[in-house]
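# Results of the structural survey
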Amino acid sequence: MNAVSIFLGISSAIIGIGIIVIGVYAVLLAKRTDILVKTEDERAKRMMEEGKKEINERIEQSRRESAERIEQMRKEGEMTRDVIKAKES
């Protein structure tokens, strides 16, 4: 009975130490996961900001090009009007 008690005592101690090691590992893994999630969130936010900036630049470029086309069409319209007036005269 003494040998069984010693065996069970040692087994309990080993299992207890194993549980503590697993607990510490779980805590460390959770902290590492939190760091990775934060890093990924920052990267995603940065990518979204860059995407928004690029979209806004494209919108502004499109507006400028549209304004240039409208101005060109207005000038061509004036020239056509002048040609028609000249032919009518």
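Owing to the predicted nature of the structure, the values given are computational and were not obtained by experimental measurement. (Residues numbered from 1 in each chain as written. Predicted model: local features only at pLDDT ≥ 70, side-chain atom pairs only at ≥ 80, totals over all residues. Heavy atoms only, no water.)

Looking now at a nonpolar patch on the surface. A surface patch of nonpolar side chains, about 320 Å² in accessible area, is lined by V4, F7 and L8. Along the chain, the position of L8 falls in helix α1 (residues 2-88). (Patch = residues over 30% accessible without salt bridge, like charges linked within 9 Å, V, L, I, M, F, W, Y side chains within 5 Å. Areas by Shrake-Rupley, 256 points an atom, 1.4 Å probe, with all protein chains shown as cover. Salt bridge = Lys/Arg side-chain N within 4 Å of Asp/Glu carboxyl O. Helix = DSSP H or I, 4+ residues; strand = E, 2+ residues; numbered from the N terminus.)

Once that is clear, we can look at the pattern of salt bridges. Evaluation of the coordinates by the stated rule reveals 5 salt bridges. Between R69 and E65 there is a salt bridge, and its shortest N-O distance comes to 3.7 Å. You can see R69 and its partner E65 sitting in helix α1, 4 residues apart, about one turn around the helix. For R69, a relative accessible area of 49% translates into the label partly exposed. (Buried < 20%, exposed > 50% of the residue type's maximum accessible area, 1.4 Å probe, protein only.)

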